[in-house]
Amino acid sequence: MSTIFSKIIAKEIPADIVYEDELALAFRDIAPQAPVHILIIPKKEIPTANDVADGDEATLGRLFTVAAKIARDEGIAENGYRLIVNCNEHGGQEVFHLHMHLLGGRRLGPMLARKLASEDG
Ligand code: AMP
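Residues numbered from 1 in each chain as written. Predicted model: local features only at pLDDT ≥ 70, side-chain atom pairs only at ≥ 80, totals over all residues. Heavy atoms only, no water.

Draft legend 1. Molecular detail of the pattern of salt bridges. Tallied over the entire structure, the rule returns 8 salt bridges. Across the pair K44 and D56 runs a salt bridge, and its minimum N-O distance is 2.6 Å. Here K44, found in the loop between β3 (36-42) and α2 (57-74), pairs with D56, found in the loop between β3 and α2; they are 12 residues apart in sequence, far enough to count as distant. Among the residues examined, D56 registers a relative accessible area of 2% and is labelled buried. (Salt bridge = Lys/Arg side-chain N within 4 Å of Asp/Glu carboxyl O. Helix = DSSP H or I, 4+ residues; strand = E, 2+ residues; numbered from the N terminus. Buried < 20%, exposed > 50% of the residue type's maximum accessible area, 1.4 Å probe, protein only.)

As structure tokens, this is what we get:
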């Protein structure tokens, strides 16, 4: 099923696009969680990390080379940044078009938020 990201790829809705090639598109997150928060997505509709296949390896590798290029362009490569791919409910995935978050521009703290007392899993 297509998502809002397919509409961004098709330029049917606007986005602050920072990079585009034949395999990938990158644009600024609409609700940034850090000074730099960019989403890097394959143009191919891959819903989740569970759906990647052998034939997607070039596309998925491209997400990393694009991330490294954008990090340099944004001036955050040396200090560092974090790349995140969320999958399904426990991963907190909200848009079911696989995407890599590139976050940086400040210290990002620990990998995961401290577990809430109400959480059991
Ligand atoms: P995830 O929780 O990993 O599925 O992340 C989805 C991300 O997409 C969130 O960080 C949203 O803020 C972001 N997002 C949703 N709609 C848009 C949009 N139209 N343009 C840019 N980012 C968006």
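Draft legend 2. Quick peek at a nonpolar patch on the surface. Together, F64, Y81 and L83 make up an exposed nonpolar region whose accessible area comes to about 270 Å². If you trace the backbone, Y81 turns up in strand β4 (residues 81-84). Among the residues examined, Y81 registers a relative accessible area of 32% and is labelled partly exposed. (Patch = residues over 30% accessible without salt bridge, like charges linked within 9 Å, V, L, I, M, F, W, Y side chains within 5 Å. Areas by Shrake-Rupley, 256 points an atom, 1.4 Å probe, with all protein chains shown as cover.)

Draft legend 3. Expanded view of the environment of D73. Considering the arrangement of structural elements, one finds D73 in helix α2. Residue classification places D73 among the exposed residues on the basis of a relative accessible area of 53%. Measuring from C-alpha to C-alpha, the distance between D73 and V18 comes to 9.7 Å, with 55 residues separating the pair along the chain.

Draft legend 4. The arrangement of the pairing of strand β5 (residues 100-104) in detail. Burial runs high along β5: 5 of the 5 residues are buried. Of the two faces of β5, both are covered, the one formed by M100, L102 and G104 as well as the one formed by H101 and L103.

Draft legend 5. Structural view of the site of the ligand. Around the ligand lies a shell of 16 residues, among which D29, N86, E94, H99 and H101 are the nearest. Here a nitrogen atom of the ligand and a backbone polar atom of I30 are 3.1 Å apart. Between an oxygen atom of the ligand and a side-chain N or O atom of H101, the distance comes to 2.8 Å. Elements supplying a minimum of two residues to the shell around the ligand: α1 (4-9) and β2 (24-28). (Near = heavy atom within 4 Å. Polar contact = N/O pair within 3.5 Å; in protein donor to acceptor, adjacent residues only side chain to side chain.)

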